[in-house]
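If you want the building blocks of each chain, they are given just below.
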Amino acid sequence: MKIMTNLSAMGQILCYTMNSVIEKQAEGINMINKYAKQSIETMMRLHNAEELPPKGRFHYHQGVFLSGVYKNYLLSGNEEYFNYIKTYVDAMMDEDGNIYDYNKGQMDDIQPGILLFPLYEKTGDAKYKKALDRLINDMDNYPKTEEGGFFHKEWHPNEMWLDGLYMGGPILAEYGARFDRADLFDEVAFQALLMEKNTKDEKTGLLYHAYDCKRSIPWADKVTGRAPEFWGRSIGWVPVAVLDDLDFIPETHPKYNELCRMVKDLLTALAKFQSEEGRWYQVVDKGDREDNWLENSCSCLYVAAMCKAVRKGILGKEFLENAKRGYEAVINSLKYDGEDLLVGGVCVGTGVGNY
């Protein structure tokens, strides 16, 4: 599979694993930067920024990938990376910050707003702030369940999906920190802890993919409202999102320690399901099934979250061994087509459902 048949999966590899430095020695950092650089430059050869698929959309597929490009810009100082991000964003909006192809009824189209912060900070162009203000206003008025949880999409009423914590949480937390909206910290913490309450399996410590508060959707358990499976990437969004939230939510916030506890509990549970090879399975708890398979994007997310949780003091350093094994297993799965880096073993996408 040529790199970025699935943009969001590549973004995960860039944004989280390649920048999650397992050891701080220069050699280790250089190796991580090597794979990140090859990943980005393969994509830049394949797609002009304004044509990143799905072309013309302001969507998380591009947003997650370009978040990774930005992190590598910070590491490398390569202005081509910053300009690539800016070219994409500028193609998606007019000079007054109105986004062309954007659906305010799904958080998947909120997520790329995270790119607007560095663009506004570096250029000072008011259009980026205007676009941010509109996105946050849409989130202020976003549809919610009776419990106050964000719908995953307005056309999936009463459904909360794990993915939503990443699509909506970090942009709200960063906006709150940059523009004096402390109430957004409360919202982000509430959404994360409500999701954990509704989806956590007490036996394994894992989180089910989704929850229906009305228990009316065919996939929903009639007693708990939960989806039937632990899907790799959907779980992976969660610790990465909450750790990004914690970059902006102050330690004095009344829910800060609870959010740390949530991350610790989930990553501790995930460590128990790591395969002998080092990666994690597409359906996390069913590695003994012959038709299950080792999946790269969730493995990248778990590795990155473990590294960042260790750096923040949420996990002990013993988890770096899990992270190192997972990182090396992903790297060992990579292949090349000339100068292009090939990433296989990635699930394009999985809706809510059974095995």
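What counts, and at which threshold
- Residues numbered from 1 in each chain as written.
- Predicted model: local features only at pLDDT ≥ 70, side-chain atom pairs only at ≥ 80, totals over all residues.
- Heavy atoms only, no water.
- Helix = DSSP H or I, 4+ residues; strand = E, 2+ residues; numbered from the N terminus.
- Buried < 20%, exposed > 50% of the residue type's maximum accessible area, 1.4 Å probe, protein only.
- Contact = heavy atoms within 4.5 Å.
- Lys, Arg positive; Asp, Glu negative; His and termini not counted.
- Charge placed at Lys NZ, Arg CZ, Asp CG, Glu CD.
- Axes fitted to C-alpha atoms, helices over the stretch in contact; angles between N-to-C directions.
- Parallel < 35°, antiparallel > 145°, perpendicular 65-115°, else oblique.
- Left-handed = near helix turned anticlockwise from the far one by under 90°.
- Nonpolar A, V, L, I, M, F, W, Y, C, P; charged D, E, K, R; others polar.
- Core = buried A, V, L, I, M, F, W, Y, C linked by side-chain atoms within 4.5 Å.
- pLDDT = per-residue confidence, 0-100.
- Salt bridge = Lys/Arg side-chain N within 4 Å of Asp/Glu carboxyl O.

Considerations on the overall build of the protein chain
Broken down by element type, the protein chain carries 12 helices and six strands. The dimensions of the protein chain, computed from C-alpha atoms along their principal axes, are 50 × 45 × 40 Å. Sorting the 355 residues of the protein chain into buried and exposed places 58% on the buried side. Taking the contacts inside the protein chain whose residues are at least 6 apart along the sequence as the reference set, 71% of them involve residues at least 24 apart. Looking at the protein chain, you have 41 positive and 54 negative side-chain charges, and the mean spots of the two groups are 2 Å apart.

What to know about the side chain of Lys200
Relative to the helices and strands, Lys200 resides in the loop between α8 (182–199) and β2 (210–212). Residues within four places of Lys200 in sequence aside, it is in contact with Gly205, Leu206, Leu207, Arg226, Arg261 and Asp265.

Section: the packing of helix α6 (residues 126–140) against helix α7 (residues 163–178)
Interaxial distance between α6 and α7 falls to 11 Å at its minimum, and their mutual angle equals 120°. When the interaxial angle is binned, α6 and α7 end up oblique. Handedness of the α6/α7 crossing: left-handed. Touching Lys129, Leu132, Asp133, Leu135, Ile136 and Met139 of α6 are Gly168, Ile171, Leu172 and Tyr175, all from α7. Considered class by class, the residues forming the contact of α6 with α7 number seven nonpolar, one polar and two charged.

Brief notes about the nonpolar core
The biggest cluster of nonpolar side chains holds 99 residues, and the ones touching the most others in it are Leu66, Tyr88, Ile235 and Leu270. Looking at this core, the element that brings in the most residues is helix α10 (residues 256–271), giving 10 residues. Contacts of Leu66, omitting those with residues within four sequence positions, involve Leu52, Tyr84, Ile85, Tyr88 and Leu115. By size, the runner-up hydrophobic cluster in this structure holds six residues, among which are Ala210, Trp219, Ala220 and Ala227.

Quick notes on the environment of Leu52
Residue position: Leu52 is located in the loop between α2 (26–46) and α3 (60–76). Along the primary structure Leu52 and Lys222 are separated by 170 residues, whereas in three dimensions their C-alpha atoms are 41 Å apart.

Topic: unusual backbone geometry
Cis rather than trans, the peptide bond between Pro53 and Pro54 has omega equal to -5°. Positive phi outside glycine occurs at Asp180, with the angle close to 55°. Summarising the element assignment, Asp180 is placed in the loop between α7 and α8.

Let's talk about the confidence of the model for the protein chain
Summarising the model, the protein chain shows a mean pLDDT of 92, and 91% of its residues fall at 70 or more. Segment residues 1–5 is flagged for pLDDT under 50; beyond a separation of four residues in sequence, or across chains, it makes 19 contacts in the model. For the stretch residues 20–25, pLDDT sits under 50, and the model shows 16 contacts to residues farther than four places along the chain or on other chains.

Some points on the pattern of salt bridges
When the charged atoms of two side chains with opposite charge come close together, those side chains can pair. Enumeration according to the criterion identifies 32 salt bridges in this entry. Salt-bridge contacts for Asp101 lead to Arg57; the nearest nitrogen and oxygen are separated by 4.0 Å. Taken together, the residues span a long stretch of sequence, with Asp101 in the loop between α4 (79–91) and α5 (116–123) and Arg57 in the loop between α2 and α3 at a distance of 44 residues. Classification of Asp101 as partly exposed rests on a relative accessible area of 37%. Linking Lys144 and Glu187 is a salt bridge whose minimum nitrogen-to-oxygen distance equals 2.8 Å. Here Lys144 is found in the loop between α6 and β1 (159–161), whereas its partner Glu187 is found in helix α8, with 43 residues between them in sequence.

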